[in-house]
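Descriptive analysis of the structure
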Amino acid sequence: MPLMIKKLKFKKLLNEYKSNKYELEMIREILKDAHLEFEVYYRRWCAENDVDLGELTKNNQEKVDKIFIAQNPGLVPTEHVPKKKEVKHKKTYREIARKIHPDKLETSDPRFWEYTNAFKKVNRAMETEQWGDLFEIADKYEVYLGDYDDVYEDLRNNIAEVKENIKSESASYSYALYNCEDDEECKEKVVRNFLQQIFKWK
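Residues numbered from 1 in each chain as written. Predicted model: local features only at pLDDT ≥ 70, side-chain atom pairs only at ≥ 80, totals over all residues. Heavy atoms only, no water.

Some remarks on the pattern of salt bridges
What counts here: Criterion for a salt bridge: a side-chain nitrogen of Lys or Arg within 4 Å of a carboxyl oxygen of Asp or Glu. Each helix is a run of DSSP H or I of at least 4 residues and each strand a run of E of at least 2, with the numbering of both proceeding from the N terminus. The buried label goes to any residue with under 20% of its type's maximum accessible area, the exposed label to any with over 50%, and the partly exposed label to all in between, with areas taken from a 1.4 Å probe on protein chains only.
This structure, assessed with the given rule, holds 15 salt bridges. A salt bridge links R124 to E127, with the shortest nitrogen-to-oxygen separation between them at 3.9 Å. One end of the pair is R124 and the other is E127, both in helix 5 (residues 112–128) and three residues apart, which spans about a single turn. Look at R124 and you get partly exposed, because its relative accessible area is 43%. Between E184 and K187 there is a salt bridge, with its nearest N and O atoms 3.9 Å apart.

Here it is in structure tokens:
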């Protein structure tokens, strides 16, 4: 395959990785407030519709606890934790370090904080095997990536992981309620589905 086509294929995959990563970041930012908003809304709905939430909760406490722990991204692992094995892409890492290691600059240099933040991102990528972040920095600073076949494979794996996190974290009732916006009928449907799933309420 010609080098230009390889580079364009890489760019396409990298853009897909970044796009999905931005989507995941957006969902996580939304959920910071959405979990509380959902709890407030569904409790108010139950009070207004004579649903004895206290009794329902008492009879299903263990199940309720599991649901709310699972919906809180701060309580469950959401990032890939690598197994102990041979570190990949060391050559790319070294080349990035050669180009942008902040220790080579004075703190007064206008590039110092840019390089510092970029290098932190590179180190985090090496620790977590989020190779898309490593390749993003390599692309920005025009670092040669070598064997594109390995790069493609690792990017595809990262994309799949991010998509799985998107699917998991956007499946919560909190996110569903957020997407209803001002549609009260939609909100009521979300709450009813929640009560039916958790409490077998009808």
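Some details on helix 6 (residues 131–140)
Burial within helix 6 is extensive, with eight of its ten residues counted as buried. What helix 6 keeps buried is the set W131, G132, D133, L134, F135, E136, I137 and A138.

Looking at the environment of A34
The topology assignment puts A34 in helix 1 (residues 3–48). Judged by its relative accessible area of 2%, A34 falls in the buried class.

None of this, on its own, says anything about what the molecule does.
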